[in-house]
There are 2 protein chains.
Amino acid sequence: MGADCHHAESAHPGLEGVALADAVAAAQAQCERTRERLTPPRRRVLELLLESDGPMKAYDLIAAYGQDGEPAKPPTVYRALEFLERLGFAHRIESLNAYVPCKMEGAGHRAAFLICECCGAAQEFEPDFSAQFAAAESAGYAVRTVTLEARGLCPACKVEG
Amino acid sequence: MGADCHHAESAHPGLEGVALADAVAAAQAQCERTRERLTPPRRRVLELLLESDGPMKAYDLIAAYGQDGEPAKPPTVYRALEFLERLGFAHRIESLNAYVPCKMEGAGHRAAFLICECCGAAQEFEPDFSAQFAAAESAGYAVRTVTLEARGLCPACKVEG
DNA sequence: GCCGAAGCGTTATGAAATAACATAACTAGG
DNA sequence: CCTAGTTATGTTATTTCATAACGCTTCGGC
Ligand SMILES: [Zn+2]
Ligand SMILES: [Zn+2]
Ligand SMILES: [Zn+2]
Ligand SMILES: [Zn+2]
């Protein structure tokens with residue numbers, strides 16, 4: 001995550017141990033309900049995202065993919081990311097070219113992010129698009145999806161200035 | 001713009017002739033007021049954006065840069081784009097890796113886009129972020145900038161389905 | 001004129017994403 | 001079972017997007 005941040009790296013820690021296993025198991029269960037397959041590459045990329053302290057770039061995932069240090073081939077990771085996004089287990093942050101695991105309950109929700117410019121953390125939140133939708137639809141548009149990414153300072157980084 | 005669209009390409013036409021000259025002159029005047037320099041490469045890239053029917057990729061600009069067909073070198077265009085964004089004459093659309101000229105009056109405003117998934121047009125609009133800001137600030141965040149990109153169908157493409 | 005800052009041209013490289021095609025694994029019908 | 005259709009993976013190569021680094025020029029204050 002944000003390498004140039006002077007704050008505690010663990011302010012937004014990733015999952016490990018039982019919490020990680022539980023999250024993966026929940027994804028597994030969700031897949032079984034919808035007849036989707038959480039195959040090894042998909043599971044591995046999901047694990048890496050869940051373990052991370054912050055948004056991961058695709059090539060970070062590629063480098064970290066093999067437990068033995070062997071990198072993955074790019075399509076392996078990009079395909080897994082496509083699947084995880086489709087199922088709602090992960091989100092792409094456009095303004096960072098990076099990916100995060102979904103932290104919200106329930107699939108198919110609308111995602112938005114608060115991105116700290118100091119420590120690099122990306123906090124997912126539930127956006128309120130009603131005003132935007134109203135404006136767009138009054139202009140004749142049919143809105144399908146909305147990307148919202150706010151940048152600023154997280155509470156931890158704000159206090160120190 | 002959207003190459004695979006069956007609709008009239010000129011539904012969202014670029015500027016030409018006097019309108020183009022006027023827009024460039026307005027940017028020139030704006031620069032003089034703020035002691036900024038609209039140098040030849042910056043002016044050229046702005047012209048290309050204003051002439052275009054829709055969002056332009058950086059390498060589209062690079063290819064179109066020379067009136068004699070000679071492409072620009074990438075840094076030439078990327079530096080110009082950085083300047084135009086800083087001054088508010090252009091915006092980057094993150095989800096397209098593309099650029100558009102600003103269509104709003106007054107610099108320093110917040111930009112948001114309605115992007116048609118059929119014809120590729122990108123309509124700039126003035127967003128209402130009050131709900132998002134309230135949510136973010138109640139969570140302790142200090143928001144500096146917001147990126148909002150909505151995708152769907154423009155009025156022209158909506159009617160035909 | 002001198003000097004520091006800003007801008008530009010150029011070469012080269014790095015980072016992000018996908019195309020294309022062959023192989024393997026599930027899964028449903030017979 | 002077996003076999004055809006579909007989904008997923010492995011692999012190679014390429015394309016697309018963006019920036020680093022360096023030297024030269026231009027601009028504007030002193
Ligand atoms: Zn989510
Ligand atoms: Zn922070
Ligand atoms: Zn604008
Ligand atoms: Zn359209």
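These figures come from a predicted structure and were not determined experimentally.

## Some points on the protein's contact with DNA strand D
Taken together, 18 residues form the shell around DNA strand D, and within it T39(A), R79(A), K57(B), Y59(B) and R92(B) come nearest. Contact distances for DNA strand D include 3.5 Å between a phosphate oxygen and a side-chain N or O atom of K73(A). One of the side-chain N or O atoms of R92(B) is found 2.7 Å from a phosphate oxygen in DNA strand D. At the level of secondary structure, the elements contributing two or more residues to the surface near DNA strand D comprise helix 2 (40-51) and helix 4 (74-87) of chain A together with helix 4 (74-87) of chain B. Ranked by the residues each element gives to the surface near DNA strand D, the list is headed by helix 4 of chain B, at four residues. Broken down by class, the residue content of the surface near DNA strand D amounts to seven nonpolar, three polar and eight charged.

## Considering the interface of chain A and chain B
With 30 residues of chain A in contact, the opposing surface of chain B contributes 30 residues. In total, chain A and chain B occlude about 2,700 Å² of area from one another, counting both sides; carbon and sulfur atoms represent 56% of this. The largest share of the area that chain A buries against chain B comes from L114(A), Q132(A) and Y141(A), three residues that together contribute 24% of it. Linking chain A to chain B there are two salt bridges. Among the salt bridges present, the one from R144(A) reaches E117(B), with a minimum N-O distance of 2.5 Å. Counting across the chain A and chain B interface gives twelve residue pairs in polar contact (both at pLDDT 80 or more). Taken together, the elements giving at least two residues each to the side of chain A that touches chain B come down to strand 5 (122-125), helix 5 (130-138), strand 6 (142-153) and helix 6 (155-160) of chain A. Classifying every residue of the side of chain A that touches chain B by side-chain character gives 16 nonpolar, seven polar and seven charged. Here strand 6 of chain A runs beside strand 6 (residues 142-153) of chain B; their pairing, made up of eleven bridges, is antiparallel. Among the inter-strand pairings, E149(A) is bridged to a residue of strand 6 of chain B, identified as T147(B).

What counts, and where the lines are drawn
Sequence positions are assigned chain by chain, starting from 1 and proceeding in written order. Chains and ligands are labelled sequentially in the order written, the chains with letters from A and the ligands with numbers from 1. Local features in this predicted model are restricted to residues whose pLDDT is 70 or higher, and side-chain atom pairs enter the listing and the counts only when it is 80 or higher, whereas totals over whole chains, interfaces and linings include all residues. The basis for every side-chain value is the complete set of non-hydrogen atoms in the structure, without hydrogens or water. Residues are labelled near a given molecule or strand when at least one of their non-hydrogen atoms is within 4 Å of it. By the criterion applied in these results, polar contacts are pairs of N or O atoms within 3.5 Å in which, for protein atoms, one can donate a hydrogen and the other can accept it, and in which residues neighboring in sequence qualify only through two side-chain atoms. Secondary structure elements follow DSSP: runs of H or I no shorter than four residues count as helices, runs of E no shorter than two count as strands, and numbering proceeds from the N terminus. Residue polarity is assigned by list, with Asp, Glu, Lys and Arg as charged and Ala, Val, Leu, Ile, Met, Phe, Trp, Tyr, Cys and Pro as nonpolar; anything else, Gly included, falls into the polar class. Contacts: residue pairs with any heavy atoms within 4.5 Å of one another. Here the quantity called buried area is the total loss of accessible area, with a 1.4 Å probe, experienced by two parts when brought into contact, counted for both. We define a salt bridge as a contact between a side-chain nitrogen of Lys or Arg and a carboxyl oxygen of Asp or Glu at a distance within 4 Å. A strand pair is defined by DSSP finding two or more bridges across the two strands.

Structural measurements only, silent on function.
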